[in-house]
Amino acid sequence: MDALGSPWRRDEEAAINTLDGEQDERYRDDTDDDEAEAASPDAPLRGSGGPSSDFDGLHLGGSKKSTWRDRLTDGIPPRLRRAWSATVKWVQGPEPPRIFTITPIFPKIQHAPLALLDGYAPRRSQRFWLLIALYACWLLAFSLILRASSYSESIPGYGSPARLSCASRYWSEGNGCGLNGNRCRPFSNATMAFRCPADCHKQLILNPHAVGDQEVVFKPLVVGGPTDRSTGLEDEVLSNAIYRGDSFICASAVHAGFISDSQGGCGVLTLTGEQSSFTASTHHGIESIGFPSYFPHTFGFLPGTRAQCHDLRWPALAISAFFTATLSIFTTDPAVFFWSTFIILFFTTALATDPPNLHDYPSLLSLAIGRFLPACFCAWVTYRYTAHRTLHNLTAQIEKTLLWLGAAWVGALNNETFDRIPIQRLTAHDIQAQPGAVPALIAVVLTIFSIALAQAWSFRLEGRMPRYLALYSLFVTAILLMLALPGLNLRIHHYILALLLLPGTSFQNRTSMLYQGLLVGMFVNGITPGELFQGAQQGTLLPEIGVVSMGMSSITFGLGALPRWDSQAKVLFDGMSVLVNDVERFQGYGGSDGSGWDEGGGSGNLTWTWKRHRISRDSVQDGDEDIHSDTDDSDVDAETLMDLPEYFRFAYMAGSQVADFSKAGTWTAEGEWVDMKPGPSL
C-alpha cells in the first residue's frame, strides 16, 4: 500500500501546492500592482464598494462639509494638538482604573467587635433593638447633663442665675443704646445673678471697637479693673474692680478673680453708675484696657455671692463621644454610622460645646431644631454623593473610629481647635492687624494645596478626574460671580468651605476618611452658632467736621449741610449722630424745626455746641441721673471739680439707620482740640 500510494500521494501534494501558489499569487497584496491597476481606466471599484471621492466630476457623491470643530482643530498647531491629546489621556487616568479600598491593619483585632456582635445578636431584629437602646441611653445621659447645666441652684437672695455667653455685655455698639444711653438703663442700683461658661479668655472681639480714641480688636473686650483710687465702692465690689458697661461680663469676672476661667462659675454683679479713670491691668491671663474719662454705665462683682456651678460642656462632650465611638466600632452599615454620628454631633454642638448666645435653654433648643432640617438636607447630599463611597463595605472598625469619627469631633470643636489659628477673616485689614496671621495664612494655603494635589491624583487613579474638574470649575465660577456683585462683600464661612471641599474626599482610603470626618465636623460647627461677625464697618460717607469755637467749658462744631447724598452707598443721609465718650449725646435731622441745633433750623451750615461735663474729684455720683448736667459750674466750688478729656465721634443717619462713625477727635482736659484721624470706627 505504501509503495503503491506514494506516487499518488506525491502527485496529490504537488497539485495542492500548485493551487496554493495560484491562490497566493491571486491574493498577494502587491502595492505596485494595485497602484497600476488603480491607474487603469477600467480598474474595478475597491474598498467599501462605494465610489471614490477623490474625483467626482458629476458631483454624484456629494462633498464632505467641514464643521466648526474641524475648522477650529485645523487652526491649532499640530504640536499643541498632540500635547492636548496627551493631557486629556493623562487626566482620564489609567485603564483599568484603580479603585481604592481599605484593607484593615490587624484584621483580627478590628473584626473582633463584629464577631462579638454576631455571637450575641446574630439576628437583624436583635441589632435593631440594641441600636434603639443605645440611642435611648445617650439621650437620657445627655439630657441629664443639660438639665444640670441649665437649671442651677438659686443664689440666696438673688434667684436663679441667668445663662451668659462669653461675649455677653450690657452696652451696645455705636448708638445702639440710644440717646444718653436710655435704652440700656438702669445705670445703677441693680444686681444680676449670672452664670458664665469656661474658657472665656478665648473670646476675642473681631471688629475694631472704639474706646475713646483707642481701637480694640482681636483681644477680650475688658475696660477697667482693680484700682487704687477712691470709688466709694471699696466695701461693695470685689477688689475695688470697676468695669465699663461695654466690657465682656464673663471675661471681666475672670479678670477680677471672681470666677475661674477653666471651670466658669456663677455669681452676682452690681451696676455702679457713672465712674471715671478706668485702669488698665493684666490679671488671670486677661489684659484690660484703660480709659481716662467717664462712662455712665459700669459694674462690679459682689463678694461672697459666688456659687458652686461649673461649665458642663466637657461632660456632655464625653458622653456623646463615648456613644458615637461605641456605635462606630460595632456597626458596618454606612447609613447607620453616618446619620447617627451626624445627629449626635449636631445637638452636642448646638446645645453644649458651642451654643448660640441665648439666655435660656428653651430658646436654645428651639433655634437648634429650626436649623436641623436644612442641616439634614446638606448632610443627605454629602452622604449620597461623598460619604457613602468612603464608608461602603468598610470593616476597618478601629481605623474608622480614630480617623473619621475622631476627626469629626475635632472639626465640631472648631471653636476650641481651629478657631485658635489667628485668621478670622480673609481681608487685608484683618490679616495685617492680627498678630501671626500672615505666617498662619501661608501655612494653611500650603497645606490645603498639598492635600488638593494628593486628592486630585487619587481622582485620576480612579478615572474620575474629568468629572470633578468640571464640578470644581462650576464652584470657582460661582464664587467669581458672587465676587463681582456690586455693593456686597463675599465672606465664605467655614461651613460653606467644608461643603465645597467635601466632594474631594469621596474615596475609600485613610487620608480621605480623615479629611471627610474633619469637614463634616466643621460643617456642623459652622451651621449651629447663632451669630456671625456683626458690627462691621459699612464703608459709608463720613461727616466733615470743623471746630467753630472752643473754650475751657464748651466747644462748638460745624457739621455742614443736610441732607447729604452718598453716591457710593446710594443713600440720602438726612441726619447726624454724635457720640461723646462712646455715648450718643445728639441726634439732629435736616429740614426739621431746628430742635437741638444752635442755628440753621436743620438746613445750611449746621452747628452744635457741647458743654464740658465736669465731675467731682471724689468720683462719687449718682450714676442713674443724666450725666450731662446743665448745672451752672459757678454754683460749685471749682476746686471740687475736675476736667477730663472727652472724645467725639460723628456719623450720618438715614432715618433711624446710622452710618459709619468717624474716628475720635479729642477735646483735652487743657481745652485743646486734637483732630480725628481719617477713616471709620465702630
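Our structure's up above, just so we're on the same page.
Here's a quick rundown of the structure. Every chain begins its residue count from 1, and numbering advances along the sequence as written. Side-chain atom pairs in this predicted model are given and counted only at pLDDT of 80 or more, local residue features only at pLDDT of at least 70, and totals for whole chains, interfaces and linings cover all residues. With hydrogens and water set aside, each side-chain value is computed from the structure's full complement of heavy atoms.

Some points on a nonpolar patch on the surface
- Two distance rules govern patches: like charges are joined within 9 Å, and nonpolar side chains (Val, Leu, Ile, Met, Phe, Trp, Tyr) within 5 Å, applied only to residues with over 30% relative accessible area and no salt bridge. In this description, accessible areas are obtained by the Shrake-Rupley approach with a 1.4 Å probe, and a residue is regarded as covered only by the protein chains that are shown. Salt bridges are defined by distance alone: a side-chain nitrogen of Lys or Arg within 4 Å of a carboxyl oxygen of Asp or Glu. Together, Val476, Leu480, Met482, Leu483, Leu485, Leu488, Leu490, Ile492, Ile496, Leu497 and Leu501 give the surface a local cluster of nonpolar side chains, amounting to about 910 Å² of exposed area.
- To qualify as a helix, a DSSP run of H or I must reach at least 4 residues; to qualify as a strand, a run of E must reach at least 2; elements of each kind are numbered from the N terminus. Of all elements in the fold, only α14 (465–483) and α15 (494–501) reach the threshold of two or more residues within the nonpolar patch.
- Relative to the helices and strands, Leu490 is located in the loop between α14 and α15.

Digging into the sheet that holds strand β7 (residues 265–272)
- Reading across from one edge, β1-β2-β7-β12-β6-β5 is the order of the 6 strands in this open sheet, with mixed pairing throughout. In the strand order of this sheet, the two ends are held by β1 (162–163) and β5 (224–226), each with one partner.
- Should DSSP find at least two bridges between two strands, the strands are taken to pair. For strand β6 (residues 241–244) and strand β12 (residues 298–301), the ladder comprises 2 bridges, and the chain directions are antiparallel. Its bridge partner being in β12, Arg244 is matched across the sheet by Thr298.

What about the sheet that holds strand β19 (residues 606–611)?
- Sheet architecture is open: 3 strands sit in the order β13-β14-β19, paired in antiparallel fashion. Here the strands that pair on one side only, and so sit at the sheet edges, are β13 (546–550) and β19. The mean inter-strand angle of the sheet, taken between neighbouring strand axes irrespective of direction, is 25°.
- As paired strands, β13 and strand β14 (residues 554–560) are joined by 4 bridges and run antiparallel to one another. Bridge assignment links Ser549 to a residue of β14, and that residue is Thr556. Between N-to-C directions, angles span 0 to 180 degrees; the directions come from axes that are lines fitted to C-alpha atoms, helices contributing only their stretch in contact.

Quick look at the state of the cysteines
- A pair of cysteine sulfur atoms is labelled a disulfide when the two atoms are within 2.5 Å. Counted under the stated rule, the structure contains 4 disulfides.
- Put simply, Cys166 and Cys200 are joined by a disulfide, and their sulfur atoms are 2.1 Å apart. Here Cys166 and Cys200 share a disulfide; its torsion about the S-S bond, -80°, makes the bridge left-handed. One end of the pair, Cys166, is in the loop between β1 and β2 (188–196); the other, Cys200, is in the loop between β2 and β3 (209–211), with 34 residues separating them in the sequence.

Re the nonpolar core
- Membership of the largest hydrophobic core comes to 47 residues, with the highest contact counts inside it found for Phe338, Phe346 and Trp404.
- Secondary-structure elements contributing two or more residues to this core are α6 (124–150), α8 (313–330), α9 (334–353), α10 (361–391), α11 (397–412) and α16 (510–527).
- A total of 10 residues in this core trace back to one element, the largest contributor, which is α9.
- Leave out the neighbours within four places in its chain, and Phe346 touches Ala368, Arg371, Phe372, Ala375, Val524, Ile527 and Thr528.
- For the purposes of this section, nonpolar cores are sets of buried Ala, Val, Leu, Ile, Met, Phe, Trp, Tyr and Cys residues that join through side-chain atoms within 4.5 Å. Exposure is judged per residue with a 1.4 Å probe applied to protein chains only, and the accessible area is read against the type maximum: over 50% gives exposed, under 20% gives buried, and values in between give partly exposed. Grouped together as the second largest cluster of nonpolar side chains are 41 residues, Cys177, Cys184, Ile259 and Leu271 included. In this description, contact between two residues means that some pair of their heavy atoms is separated by no more than 4.5 Å.

Geometric values such as these leave the question of function open.
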